[in-house]
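Residue-level structure breakdown
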Amino acid sequence: MRLPAWLLSDRAGLALLAVLVVLVLVVPALNLLVPSDHPLHLSAYTVTLLGKYLCYALLAISVDLVWGYMGILSLGHAAFFALGGYCFGMYLMRQIGARGVYGNPDLPDFMVFLNWHELPWYWQGFDQFWFAALMVLAVPGLLAFVFGWFAFRSRVSGVYLSIITQALTYALMLAFFRNEMGFGGNNGLTDFKEALGVPLHADGTRTVLFGLSALALAGGYLACRWLVSTRLGRVLVAIRDCEPRARFLGYRVERIKALVFTFSAMLAGVAGALYVPQVGIINPGEFAPLNSIEAVIWVAIGGRGTLVGAVVGAVLVNYAKTWLTGALPEAWLFALGGLFVAVTLLLPQGLIGWLRRREAAA
Amino acid sequence: MSELISELDAAGMHTPVEPVDASHGILLYLEEVSVTFDGFKAIDKLSLYIGDGELRCIIGPNGAGKTTMMDIITGKTKPDAGRVFFGQTVDLLKLDEPAIARIGIGRKFQKPTVIEPLTVLENLELAMSGAKRLRGLMTTRLTGAEHDRIAAVLEQVGLLEQARRRAGVLAHGQKQWLEIGMLLIQEPRLLLVDEPVAGMTPAEMERTAELLRSLAGAHSVVVVEHDMGFVRSIADWVTVLHQGRVLAEGALEDLQADPRVIEVYLGDDHAAG
Ligand SMILES: Nc1ncnc2c1ncn2[C@@H]1O[C@H](COP(=O)(O)OP(=O)(O)OP(=O)(O)O)[C@@H](O)[C@H]1O
Ligand SMILES: [Mg+2]
């Protein structure tokens, strides 16, 4: 089988895919086949941690698609991630069944606690996996579409658009904090037991979730890479660099923006949905404005408009975060801010951009 | 989702493109058009007719309203009053920018605007696909016919050798030609060209004049320009705009002898000096 030209010319992308294939083969083997007292054994904790990084990387790709290629600096993408997470969390919640603390077969614990007697209409259907999976795409997608339709049509752009996206995620955070919303208030959704009849805490399940995260990341990467290599990809660059030119060439800029923004939000939703069963909880904190800003920083550090850079940035920064929050928890925000400033000043094209330059110069 | 796609399958537009009816020999009508910006009359009861296949130059001092007039024709600015028709039947005031581009009005901006990270070829491909629906954009290949079309335009604007270079590294004049090429590939009936030779070398100016002259006939071309030498080399019919109105119209030699025209240009020089 021959690879299509758009993929063949993407060496960094092929390297990324190769790394993912190796990870998918090696990580489960080191976890399941190597005895736990062996130095090469990977603990379930580490497997889950790696799976989390891959989910963040998918979120970063979705940010890079709209920011790096279309010039829309979304500071609210974590909202789509969180919504995808909540949708899948609702499914996991329904799978608890009567095993909750209150033993109520029809209602999640927090609803029993709130003295609710029946399931709200918007929880209907979430006991079905296929329905929840559909909602993981539909809910973030719909919100992004409606938001984008209005924002782009009124030609809001630049800093104003970024501020509105921050407001969006902040508003959602406040809403989800409220108990009456029916999403578990500030505790969120947690105490998950199983998905599709499989216990979530088993080592085997963890490796499967890791594999699915790698698969989603590879799929998301390929979809975005293909998209930006088509003619539509060039239209996106035209919109980013000179929106009036694109418009006067006959492109319906608002519609294209809304469509790509929606697709990007769906990717973020998938990332969130895979994240939740691995970390075992989703709460309104995921909507925090800072989360969206962090995602943008990963992309900036890795290299905006490269897709691979988004993955590299997300993994490196989160690795640093894991390490530093263990060693010096208060220092993390300062370190992140410092890193961001240093990269913008020293490597304005990010790590990948810097590597490409060095290569071109050599 | 598929419904969403079909609703949105309109990077393109839904209005079918009707052929322009220029049977009366006039392609563009502006009648009694006025625009006010914060109380300032940028265009004041402007009436202007552009013939089918004509090459028209528009001159006028800074702030005369030349760019604003193009903004109105291309849908960027909506006038407060007046009528703007493309041929006998198309009311341009009812259309937005992409729709106007699609019915065959191409616009070159005052500042060269090509997409710098893309190659010359990709810029032309981008322009060629402007009328495509979303599905048509979801491809990475050029058909043979599209390739020929691009090659023809590259030849026409003299950029064959540069096809694979990034637009960002082109010389200033080459960028201007590329932008004109991007309009040509859309096969417009009317080309609006705002100050094409600003910043060009005399040799580049000569080539641009040749190019614009070669376009007249098959296209109507409206050129806004300050450089009188350039205007003389391309157009036999010139319109002078001043304070948002047509001050005079005629052959350049006659206009240069017209005391009203001398007055606004001298006045402008005094203001500038
Ligand atoms: N969007 C706008 N808002 C407010 N004033 C505007 C706007 N666009 C143009 N103007 C004003 O309208 C007048 C006409 O401007 P226009 O750009 O059309 O002039 P021009 O003839 O193209 O001049 P130049 O030769 O300098 O390009 C100017 O005084 C300008 O300041
Ligand atoms: Mg002007």
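**Side note on the overall build of chain A**
Scanning chain A from terminus to terminus reveals 15 helices and four strands. Dimensions of chain A, computed from C-alpha atoms along their principal axes, come out at roughly 65 × 55 × 50 Å. Taken across its 362 residues, chain A has 54% of its residues classed as buried. Expressed as a percentage of contacts within chain A between residues at least 6 apart in sequence, the contacts between residues at least 24 apart total 76%. Accessible area of chain A: about 15,700 Å², with a carbon and sulfur share of 68%. Each charge class in chain A was averaged separately, 24 positive and 18 negative side chains, and the resulting centres sit 16 Å apart.

**A look at the site of ligand 1**
Residue and element names in this part refer to chain B. Around ligand 1, a shell composed of 13 residues is seen, among which Asn 62, Lys 66, Thr 67, Thr 68 and His 226 lie nearest. Within the side chain of Lys 66, an N or O atom sits 2.8 Å from an oxygen atom of ligand 1. A distance of 2.7 Å separates an oxygen atom of ligand 1 from a polar atom in the side chain of Thr 67. Notes on ligand 1: free accessible area 640 Å², of which the protein chains cover 63%.

**As for the layout of surface pockets**
All names here are of chain A. Here the largest pocket defines a volume of roughly 1,500 Å³. The wall of the largest pocket is formed by 41 residues, among which Tyr 69, Arg 225, Gly 305, Thr 306 and Arg 356 lie closest to the centre. Secondary-structure elements contributing two or more residues to the lining of the largest pocket are helix H1 (5–8), helix H2 (11–32), helix H3 (44–68), helix H8 (203–229), helix H9 (231–241), helix H14 (332–346) and helix H15 (350–361). Among the elements that take part in the lining of the largest pocket, H15 stands out by supplying seven residues, more than any other.

**Observations concerning the coordination of the magnesium ion (ligand 2)**
Residue and element names in this part refer to chain B. Donor atoms from the polypeptide that bind the magnesium ion (ligand 2) are Thr 67 (OG1) and Gln 110 (OE1), placed at 1.9 to 2.5 Å. Residue Thr 67 is located in helix H2 (residues 66–73), and its partner Gln 110 is located in the loop between strand S6 (105–108) and helix H4 (120–128); the two are separated by 43 residues in the primary sequence. Taking the relative accessible area as the measure of exposure, Thr 67 reaches 28% and is therefore partly exposed. Note on Gln 110: relative accessible area 38%, which makes it partly exposed.

**Regarding the sheet that holds S6(B)**
Pairing between the strands of a sheet is mediated by backbone hydrogen bonds and can be parallel or antiparallel. Residue and element names in this part refer to chain B. If you walk across this open sheet you meet the six strands as S6-S7-S8-S3-S9-S10, and the pairing is mixed. Two strands bound the open sheet, and with one partner strand each, they are S6 and strand S10 (245–250). The sheet shows a mean angle of 20 degrees between the axes of neighbouring strands, direction not considered. Direction of pairing for strand S3 (residues 55–59) relative to strand S9 (residues 237–242): parallel, over a ladder of four bridges. Bridging across to S9, Cys 57 finds its partner in Val 238.

**Structural notes on helix H7 (residues 172–184) of chain B**
Here H7(B) spans 19 Å end to end across 13 residues, near enough to the 18 Å set by a 1.5 Å rise per residue. Taken across its 13 residues, H7(B) has 12 buried, putting it largely inside the fold. Taken residue by residue, H7(B) has Gly173(B), Gln174(B), Lys175(B), Gln176(B), Trp177(B), Leu178(B), Glu179(B), Ile180(B), Gly181(B), Met182(B), Leu183(B) and Leu184(B) as its buried positions. Against helix H10 (243–248) of chain A together with S6, H4, helix H6 (144–156), strand S7 (190–194) and helix H8 (202–215) of chain B lie the buried residues of H7(B).

**A closer look at empty space enclosed by the protein**
Residues and elements named next belong to chain B. Taken as a whole, this structure holds one cavity of 30 Å³ or more when the rule is applied. Roughly 30 Å³ of volume is contained in the largest cavity. Lining the largest cavity are Ala 101, Gly 104, Ile 105, Gly 106, Leu 183, Gln 186 and Pro 188. Classifying every residue of the lining of the largest cavity by side-chain character gives four nonpolar, three polar and no charged.

**Some thoughts on unusual backbone geometry**
In this structure, Leu307(A) takes a positive phi of about 65 degrees despite not being glycine. Assignment of secondary structure puts Leu307(A) in the loop between helix H12 (289–302) and helix H13 (308–327). What makes Leu307(A) buried here is its relative accessible area of 0%. One non-glycine residue, Glu187(B), lies in the positive phi region at around 50 degrees. As for its placement among the helices and strands, Glu187(B) is situated in the loop between H7 and S7. Judged by relative accessible area, Glu187(B) falls into the exposed class, the value being 52%.

**What about the interface of chain A and chain B?**
Every contact between the two is made by 29 residues of chain A and, on the other side, 44 residues of chain B. Carbon and sulfur atoms make up 66% of the area that chain A and chain B hide from each other, which totals about 3,200 Å². The tally of links between chain A and chain B comes to seven salt bridges. For Arg245(A), the salt bridge is made with Glu179(B), and the minimal N-O distance between the two is 2.4 Å.

**Some points on the pattern of salt bridges**
Throughout the structure, instances matching the rule amount to 29 salt bridges over all chains. When the shortest N-O distance is used, the salt bridge between Lys321(A) and Glu294(A) registers 3.3 Å. Here Lys321(A), found in helix H13, pairs with Glu294(A), found in helix H12; they are 27 residues apart in sequence, far enough to count as distant. A relative accessible area of 25% means that Lys321(A) is categorised as partly exposed. Using a relative accessible area of 6% as the deciding quantity, one classes Glu294(A) as buried. The salt bridge partner of Asp91(B) is Lys94(B), with a shortest N-O separation of 3.5 Å. Looking at Lys94(B), the relative accessible area reads 69%, which means it is exposed. Connected through salt bridges with shared partners, the residues Arg155(A), Glu243(A), Arg247(A), Glu254(A), Lys257(A) and Glu97(B) form a single ionic network.

Rules of the game
Residues numbered from 1 in each chain as written. Chains lettered and ligands numbered in written order. Predicted model: local features only at pLDDT ≥ 70, side-chain atom pairs only at ≥ 80, totals over all residues. Heavy atoms only, no water. Helix = DSSP H or I, 4+ residues; strand = E, 2+ residues; numbered from the N terminus. Buried < 20%, exposed > 50% of the residue type's maximum accessible area, 1.4 Å probe, protein only. Contact = heavy atoms within 4.5 Å. Areas by Shrake-Rupley, 256 points an atom, 1.4 Å probe, with all protein chains shown as cover. Lys, Arg positive; Asp, Glu negative; His and termini not counted. Charge placed at Lys NZ, Arg CZ, Asp CG, Glu CD. Near = heavy atom within 4 Å. Polar contact = N/O pair within 3.5 Å; in protein donor to acceptor, adjacent residues only side chain to side chain. 1 Å grid on protein atoms, 1.4 Å probe; cavity = no way out; pocket = protein on both sides within 12 Å on 5 of 7 lines; lining within 4 Å. Points joined across faces, edges and corners; volume = space filled by probe spheres on them. Donors = N, O, S within 2.8 Å, 3.2 Å for Na, K, Ca; no water. Pairing = 2+ DSSP bridges. Axes fitted to C-alpha atoms, helices over the stretch in contact; angles between N-to-C directions. Expected span 1.5 Å × (residues − 1). Nonpolar A, V, L, I, M, F, W, Y, C, P; charged D, E, K, R; others polar. Buried area = accessible area lost by both parts, 1.4 Å probe. Salt bridge = Lys/Arg side-chain N within 4 Å of Asp/Glu carboxyl O.

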